[in-house]
Amino acid sequence: MPGERSKPIMIGLALLAIVAVVATIAIPTWRNHRVSQHLDEALQSGEAAKLVVMEAATVRGGLSQLKPGDLSFNAASSLNAYTSKIDVSETGRITIATQNTGAEPDPVFLLTPLDNSATGGNAPLVWSCDIIAGATEWMPPRCVRPALPAPATSTKG
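Reading guide: rules and limits
- Residues numbered from 1 in each chain as written.
- Predicted model: local features only at pLDDT ≥ 70, side-chain atom pairs only at ≥ 80, totals over all residues.
- Heavy atoms only, no water.
- Helix = DSSP H or I, 4+ residues; strand = E, 2+ residues; numbered from the N terminus.
- Contact = heavy atoms within 4.5 Å.
- Areas by Shrake-Rupley, 256 points an atom, 1.4 Å probe, with all protein chains shown as cover.
- Pairing = 2+ DSSP bridges.
- Salt bridge = Lys/Arg side-chain N within 4 Å of Asp/Glu carboxyl O.
- Buried < 20%, exposed > 50% of the residue type's maximum accessible area, 1.4 Å probe, protein only.
- Core = buried A, V, L, I, M, F, W, Y, C linked by side-chain atoms within 4.5 Å.
- Axes fitted to C-alpha atoms, helices over the stretch in contact; angles between N-to-C directions.
- Polar contact = N/O pair within 3.5 Å; in protein donor to acceptor, adjacent residues only side chain to side chain.
- Expected span 1.5 Å × (residues − 1).

Visitor: Explain the overall build of the chain here, please?
Guide: Secondary structure summary: the chain contains 2 helices and 4 strands in total. Beginning at the N terminus, the succession of helices and strands in the chain can be written as α-α-β-β-β-β. Here the contacts in the chain between residues at least 6 apart in sequence split such that 43% fall between residues at least 24 apart. Carbon and sulfur atoms form 60% of the exposed surface of the chain, whose accessible area is close to 10,100 Å².

Printed below as a string of structure tokens:
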């Protein structure tokens, strides 16, 4: 019977169509997840540099008191498979260049220290994170721009 032979073929084609739809959704989602993981690892490589800035700002009494040479940092010890370069400027800004992340082009992050001592926060510094090169679609969740409240002012009455 001709109809009996076509049933397995139709079932096979239906299964093939389902697999194609699932693959169309799953492959880009998996790729984006991997890129996000790689970028997160690249940002983690900047943690040692952030500690150097935090210590120098604490010892000197604030970011505005930093002096050249306060921020010596062995960047090579913090590099990983997804980080090609880490630079710390004299003002405490940290630039993290990424590599091999799967993002095109590989992003460059800028971590900017912000003085948090006047707001009564637990940490004297908070960090603002921006992508300065590459697509902003790859901004990891840990890369944020914190909103600092205005310092409290006292009024004498």
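Visitor: Sorry, what's going on with the pairing of strand 1 (residues 83-88) here?
Guide: It is a general feature of regular strands that their side chains alternate between the two faces of the sheet. Looking at chain direction, strand 1 and strand 2 (residues 94-98) are connected through 5 bridges and run antiparallel. Within the sheet, the bridge partner assigned to T83 lies in strand 2 and is T98.

Visitor: I keep staring at the pattern of salt bridges and nothing clicks. Help me out?
Guide: Once the charged atoms of two side chains with opposite charge are near each other, the side chains can pair. Scanning the entire structure with this criterion turns up 6 salt bridges. For the salt bridge of K85 with D87, the shortest nitrogen-to-oxygen distance reads 3.6 Å. The exposure class of K85 is partly exposed, given its relative accessible area of 47%. Connected through shared salt-bridge partners, D40, E47, K50 and R142 make up one network.

Visitor: Even after reading the chapter, I still don't get the nonpolar core, so can you show me in this structure?
Guide: Note on soluble globular proteins: their nonpolar side chains tend to be buried together. By size, the foremost hydrophobic cluster in this structure holds 24 residues, and its most contacted members are L43, V53, I94, I96, F109 and L111. Put simply, the parts of the chain that give this core at least two residues each are helix 1 (2-44), helix 2 (47-60), strand 2, strand 3 (108-115) and strand 4 (125-133). The leading source of residues in this core is helix 2, at 5 residues. Once residues within four sequence positions are removed from consideration, I94 is found in contact with G46, A49, K50, V53, I86, D87, V88, F109, L110, L111 and W127.

Visitor: How do you make sense of the sheet that holds strand 2 when you look at a structure like this?
Guide: Adjacent strands of a sheet form backbone hydrogen bonds with each other and so pair up, either parallel or antiparallel. With respect to topology, 4 strands assemble into an open sheet ordered 1-2-3-4, the strand pairing being antiparallel. The open sheet terminates on both sides in strands that have one partner only, identified here as strand 1 and strand 4. In this sheet, adjacent strand axes meet at a mean angle of 20° when their direction is disregarded. Along the sheet face, helix 2 touches strand 1, strand 2, strand 3 and strand 4 and points at about 135° away from the line of strand 4.

Visitor: Honestly, the side chain of D130 in this entry has me stumped. Any pointers?
Guide: Its location among the elements puts D130 in strand 4. For D130, a relative accessible area of 16% translates into the label buried. Separated by 2.2 Å, the side chains of D130 and R145 make a polar contact. Once you skip the residues sitting within four places of it in the chain, D130 turns out to touch V108, F109, L110, M139, C143 and R145.

Visitor: Even after reading the chapter, I still don't get the environment of Q37, so can you show me in this structure?
Guide: Among the structural elements, Q37 can be located in helix 1. Q37 gets classed as partly exposed once you look at its relative accessible area, which sits at 33%. Expressed as a C-alpha distance, the spacing of Q37 and Y82, which sit 45 residues apart in the sequence, is 9.9 Å.

Visitor: Is there a simple way to think about helix 2 in this case?
Guide: Since one α-helical turn is 3.6 residues long, residues separated by three or four positions face the same way. Between its terminal C-alpha atoms helix 2 stretches 20 Å, which fits the 20 Å expected from 14 residues at 1.5 Å a residue. Where the residues of helix 2 are buried, they touch strand 1, strand 2, strand 3 and strand 4. Remark: G61 follows helix 2 within two positions and exhibits a positive phi of approximately 95°.

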